Amino acid sequence: MKKTQKESGKLNDHNYEIGGGTASPAILLYLQKKWIGLWQTNPPGIFLLSFGTVIAAIMAIPVVYVIWRSVFAGRDRWLRLLDERIPQLLWSTLSLTIAVTILALIIGVSLAWLVIRTDLPGRKYWRWLLAMPLVIPPYVGAITYINVFGRSGVMRDLWRDNPWLVRVFGEYSFDIHSFLGVFLVLSLFTYQYVFLIVSASLKKSNLNYEEAAYSLGMNAKEVFWKVNLPLLRPAIGAGAILTSLYVLSDFGAVSILRYVTFTAAIYFQRAGFDTASASVLSLVLIIITLAFLWVESKSRKKNKYYQSSGTFKSAPVLGLGKWKWPSLIYVSVMFFFSFVLPMAVLLYWSKIGLSMGALDSRFWGFAFNSFKISAMAALVCMIFMFPIVYLKLRFPSVITRLIDKICYTGYALPGVIVALGFIFIFNNHIPFLYGTFYLVALAYVVRFLPQAMQAGESALQLVSPRVDEAAKSLGYPTWKVMLTVVLPNILPGVIAGGALVFVSSIKELPVTLMLRPPGFDTLAVRIYFEAHEALYYLAAPSALLIIAVSMLPLRYILNKY
Amino acid sequence: MDHIEITNLTKTYPGTDKPAVSHVSFQIKKGEIITLLGPSGCGKTTLLRLIAGFERAEKGSIIIGEKLMSDDTSFIPPEKRGVGMVFQDYALFPHLTVIENVGFGYKEEDKKDRVNEVLDLVNLRGYEKRFPHELSGGQQQRVALARALARRPLVVLLDEPFSNLDADLRDQMRVEIRNIIKNTNTTAVFVSHDQKDALAISDRIIVINEGEIQQIGTPKEIYQEPVNHFVSNFVGRTNLLPGTVLSDNKSVSTCLGMIRLPEGHPFIKEESIGVAVRPESIHVSEKDGMPATVKSFIFKGDSIDTVVAAKMPCGTEQELILSLHPDKELQTGQQVYLTILPKNISFLKMTENNQRT
């Protein structure tokens, strides 16, 4: 026994936890016990944990800084904004968000139901086709709609050249730069979220429940209201929250359609160098976003449904009968307006652009800039994602869950707020990086890291924690286990996550606009400015290139649902 | 000197009040095969993970091969313990071949020779270039064992290694794995909830329930002389009859009559104890003995599990379980006669634990 005592003294050198050593005072021993008590397994090494904490801090600091600045914006400014500006913006933002969400729900659920549960002709293809608009950034969609329905658009010309249209329908009165215009355009380019989630849920829904309901004497209508709809509620809720968070954060489409919501107001305040007011408006927008997230988490807690997987019987296909043709027309019309029409406009202008030499060295320069910063962001996200996800799944505790949650800050909140935070921090504290493209890439990381995390997480979930433990018992420390055993097994997920970040970064508009160094233009930025100057033949090729790149991970996104 | 020494080990998971492992102490000798046996959730896997170092106990110490691995102030992480581990799902590295898996942790210069040696040992030569998904369950298990043995670990820990195998393969692998471990003179700790596994492979069995050790003993001792109701019921099935130790302290009075206690029994005068009778030590005949009525029976193939209501000599009626020969024709309500064979009767302390289980 004496010998082991001696050994133990020596072995204390290996300890990696706080305290250690037989001579450590009682208080340290107590803290050490508390620390160990926090973790389900052994605590992670101090290096891994610090790495994760630093990443989480990077993700949260910009937004925290904005909140802090808004608190010190001054009483007068707060009162002035609360008096007029904020009520206006609240009305314009919330009415748009709710209206778009409702219309997207109606379109998304009806399309999903038609495609999955009825004998709609070509339903297999429609499932893919109706998700296609996902590749068109809403601001590009908005530009094409201005092109067709705007003040000097195709429709206006049609009315001018065909007097009989005026006789039948009256003067051309549709104004795309109105609530109605923004509402319709945003709905067309956001219903896909609802459509994808609800159709996935419909596909998975088990016929057993419906049969049980029929056997209890319910008729088809009752079954729909009492069985189908409640089972779909989680999916509908998830689609609604995604849509409304998107509308709250959208800057490109609303500003191109000259409709002012919080995001656009923040952008223009900052452009006018009134950053204090911008931070006040940001705080309000943060609160609205958090309120939406809170409502969503509440409703999710109440609606925990488990689809039993034991005996799975997929539901039968409903015959549409006389509704076949109206349904087909409805689906085709939705597809036409959300995909065919915008693509046709882009192709038309691209053709003109090509003949006018739009693909010059400037164009390729913008493309190179876009690719450079997006690739940088994707690479950093792939690296940052790993420790966060590994900590969360392999060292479950309140601490690692918190780290994981914090990393969603920049993702859940609108890009303009993240950009504003970056401006504050780098302008005041790290000026040598301010006005470099590294800043833009880092902001992309803050915005899109969770996309890489989700992909990495679902890949890591497929690797048994026992595999890691096997490697550890064979003498490999954690970092080596991560690199030699875990990484090779999750590589496809890591790459998929990187691709998602890359595509999101290529499309990104507000952060790029606010943070790019002078003269550093990307494809998205050029589209924004050229559309403002109605140089559609220049904007269209850039938009097509972005859409082509977006198609790359589409398969992965669609398979996920 | 004991090879492994566990003293007063206690582990409570965060968010729970009841310890998963509570004040557990035992010793293991070099080369011994031990099985931690108990129902699921009894803490046996936690105990194994504490020995491996994947978790840390809040109290108690673990000494392996004269090295202190864990106590209140010090802790050696799993990668520095030199403990081999075989997991329930084998946890082979899916991206590596058999030979890469087996050689994964081996860092000496004779790596190639050692890997071949271990592959010979588990009889897997010729499979070197295969990936885990190209192997059968039994082969995967042998790779897992080879991988754990390659580094000549101080002890190899096996977590429910047979639970993923079907019945035939299971019988065969029990023998094979016991032989491999014995041939290498490795100390081994198995975890199992299956009494058949435990009885077949172990030198000694440690029965655990609700985080506490119930009994430590050889398979024979555990089966024939269970110390309490839990052990007698978990390892095989048993009929428990109440009894009282007589004032001469030499025999116990039960409903069946007086039964002699063995020499050196731990009971005191007038103590209420339990008398455990194994189903196979009740003999059934057509006429002689204690009358009983068949209440239900289940045909098991190699035997018939039968429940009877017996009229005890003291006048009360008691349900007993029996194990009958499969050829026996039975009907519910049928009258049978029972004789209790004196072998395989054990005497149990009636602790609070007995009332609970």
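Residues numbered from 1 in each chain as written. Chains lettered and ligands numbered in written order. Predicted model: local features only at pLDDT ≥ 70, side-chain atom pairs only at ≥ 80, totals over all residues. Heavy atoms only, no water.

1. Some details on the sheet that holds strand β1 (residues 4–11) of chain B
Sheets are built from strands paired through backbone hydrogen bonds, the pairs being either parallel or antiparallel. Residue and element names in this part refer to chain B. Taken in spatial order, the 4 strands of this open sheet run β2-β1-β4-β5, and their pairing is antiparallel. A single partner strand is all that each edge strand has here, and the edge strands are β2 (21–28) and β5 (67–70). Sheet twist, expressed as the average angle between the axes of neighbouring strands with direction ignored, equals 25°. Both β1 and strand β4 (residues 59–64) contribute to a ladder of 5 bridges, which runs antiparallel. Bridge pairing links Ile-6 to Ile-62 in β4. (Pairing = 2+ DSSP bridges. Helix = DSSP H or I, 4+ residues; strand = E, 2+ residues; numbered from the N terminus. Axes fitted to C-alpha atoms, helices over the stretch in contact; angles between N-to-C directions.)

2. Let's talk about the packing of aromatic side chains
Counted under the stated rule, the structure contains 36 aromatic pairs over all chains. Ring geometry for Trp-159 of chain A versus Phe-169 of chain A: centroids 6.1 Å apart, planes at 50°, classification tilted. Highlighted residues: Trp-159 of chain A in helix α7 (residues 154–161) and Phe-169 of chain A in helix α8 (residues 163–169), separated in sequence by 10 residues. With a centroid separation of 6.0 Å and 15° between ring planes, the pair formed by Phe-179 of chain A and Phe-183 of chain A is classed as stacked. Residue Phe-179 of chain A and its partner Phe-183 of chain A are both found in helix α9 (residues 179–188); the two are separated by 4 residues, about one turn of the helix. The rings of Phe-251, Tyr-267, Phe-268, Tyr-528 and Phe-529 of chain A are connected pair by pair, giving a single aromatic cluster. The ring of Tyr-476 of chain A carries the charged tip of Lys-480 of chain A above its face, separated from the ring centre by 5.0 Å. For the cation-ring pair, Arg-147 of chain B lies above Phe-93 of chain B, with the distance from its terminal atom to the ring centre recorded as 4.6 Å. (Phe/Tyr/Trp six-rings, centres within 6.5 Å; stacked < 30°, edge-to-face > 60°. Lys NZ or Arg CZ within 6 Å of the ring centre and 35° of its normal.)

3. Overview of the sheet that holds strand β9 (residues 204–209) of chain B
Residue and element names in this part refer to chain B. Sheet architecture is open: 6 strands sit in the order β6-β7-β8-β3-β9-β10, paired in mixed fashion. Sheet topology places β6 (83–86) and β10 (212–217) at the edges, where each strand pairs with a single neighbour. Geometrically, the sheet is characterised by an average inter-axis angle of 20° between neighbouring strands, direction not taken into account. Helix α4 (residues 137–149) contacts β6 and β7 (155–159) of the sheet and is inclined by roughly 175° relative to β6. (Contact = heavy atoms within 4.5 Å.)

4. A word on the pattern of salt bridges
For the structure on display, the rule yields 30 salt bridges over all chains. Note that Arg-160 of chain A is salt-bridged to Asp-157 of chain A, the shortest N-O span being 3.5 Å. Of this pair, Arg-160 of chain A and Asp-157 of chain A both sit in helix α7, 3 residues apart, roughly one helical turn. The partner of Arg-394 of chain A in a salt bridge is Asp-468 of chain A, with the nearest N and O atoms 2.9 Å apart. With Arg-394 of chain A in helix α17 (residues 361–394) and Asp-468 of chain A in helix α22 (residues 465–473), this pair connects stretches of sequence that are 74 residues apart. Owing to a relative accessible area of 4%, Asp-468 of chain A belongs among the buried residues under this scheme. Taken together, the salt bridges that share partners define one network made up of Arg-170, Asp-171, Arg-174, Asp-194 and Asp-197 of chain B. (Salt bridge = Lys/Arg side-chain N within 4 Å of Asp/Glu carboxyl O. Buried < 20%, exposed > 50% of the residue type's maximum accessible area, 1.4 Å probe, protein only.)

5. Here we look at the state of the cysteines
Residues and elements named next belong to chain B. In total, this model carries 1 disulfide over all chains according to the counting rule given. The side chain of Cys-255 participates in a disulfide bridge whose partner is Cys-314; the two sulfur atoms lie 1.9 Å from each other. Since a negative S-S torsion denotes a left-handed disulfide, the Cys-255-Cys-314 link at about 60° is right-handed. Taken together, the positions of Cys-255 in the loop between β12 (251–254) and β13 (257–260) and Cys-314 in the loop between β17 (304–311) and β18 (317–324) put the pair 59 residues apart, joining distant regions of the chain. (Disulfide = S-S within 2.5 Å.)

6. A look at helix α1 (residues 44–52) of chain B
For an α-helix the count is 3.6 residues per turn, leaving residues at separations of three or four pointing the same way. Residue and element names in this part refer to chain B. For α1, the tally of buried residues reaches 8 of 9 residues, placing the bulk of the element in the interior. Inspection of α1 places Lys-44, Thr-46, Leu-47, Leu-48, Arg-49, Leu-50, Ile-51 and Ala-52 among the buried residues, and these make up the whole buried set. Gly-53 sits one or two residues past α1 and shows a positive phi near 95°.

7. Let's talk about empty space enclosed by the protein
Rolling a probe over the atoms, with the probe sized like a water molecule, indicates the empty space that remains. Residues and elements named next belong to chain A. Throughout the structure, instances matching the rule amount to 3 cavities of 30 Å³ or more. Roughly 70 Å³ of internal volume is contained in the largest cavity. As for the largest cavity, its lining consists of Ile-143, Thr-144, Asn-147, Val-345, Leu-346, Trp-349, Ile-527, Tyr-536, Ala-539, Ala-540 and Ala-543. Breaking the lining of the largest cavity down by element, the ones donating at least two residues are α6 (138–149), α16 (324–355) and α26 (536–551). It is α26 that provides the largest number of residues to the lining of the largest cavity, a total of 4 residues. (1 Å grid on protein atoms, 1.4 Å probe; cavity = no way out; pocket = protein on both sides within 12 Å on 5 of 7 lines; lining within 4 Å. Points joined across faces, edges and corners; volume = space filled by probe spheres on them.)

8. Some words on the domain arrangement of chain B
All names here are of chain B. Assigned domains of chain B: these are domain 1 (4–224) and domain 2 (230–356). The gap between the C-alpha centroids of domain 1 and domain 2 is 37 Å. Connecting domain 1 to domain 2 are 0 salt bridges. If you look at where domain 1 meets domain 2, you find 3 residue pairs in polar contact (both at pLDDT 80 or more). Residue assignment for the side of domain 1 that touches domain 2 shows that the elements contributing at least two residues are α6 (195–201), β9, β10 and α7 (219–224). (Domains from an automatic or database assignment. Polar contact = N/O pair within 3.5 Å; in protein donor to acceptor, adjacent residues only side chain to side chain.)

9. Thoughts on a negative patch on the surface
All names here are of chain B. A cluster of acidic residues, Glu-108, Glu-109, Asp-110 and Asp-113, forms a negative patch on the protein surface. In this fold, Glu-109 is placed in the loop between α2 (98–102) and α3 (111–121). In this structure Glu-109 comes out as exposed when scored by relative accessible area, which is 84%. (Patch = residues over 30% accessible without salt bridge, like charges linked within 9 Å, V, L, I, M, F, W, Y side chains within 5 Å. Areas by Shrake-Rupley, 256 points an atom, 1.4 Å probe, with all protein chains shown as cover. Lys, Arg positive; Asp, Glu negative; His and termini not counted. Charge placed at Lys NZ, Arg CZ, Asp CG, Glu CD.)

10. Digging into the interface of chain B and chain A
Counting from both sides, the interface comprises 36 residues of chain B and, opposite them, 42 residues of chain A. Summed over both partners, the interface of chain B with chain A buries about 3400 Å², with 59% contributed by carbon and sulfur atoms. Considering only the surface of chain B that becomes buried against chain A, Thr-73, Glu-79 and Phe-104 of chain B emerge as the three largest contributors, covering 18% of it. On the surface where chain B and chain A come into contact, there are 1 salt bridge. For Arg-49 of chain B, the salt bridge goes to Glu-469 of chain A, with nearest N and O atoms at 2.6 Å. For the pair chain B and chain A, the interface holds 11 residue pairs in polar contact (both at pLDDT 80 or more). Split into classes, the residues belonging to the side of chain B that touches chain A amount to 17 nonpolar, 5 polar and 14 charged. (Buried area = accessible area lost by both parts, 1.4 Å probe. Nonpolar A, V, L, I, M, F, W, Y, C, P; charged D, E, K, R; others polar.)

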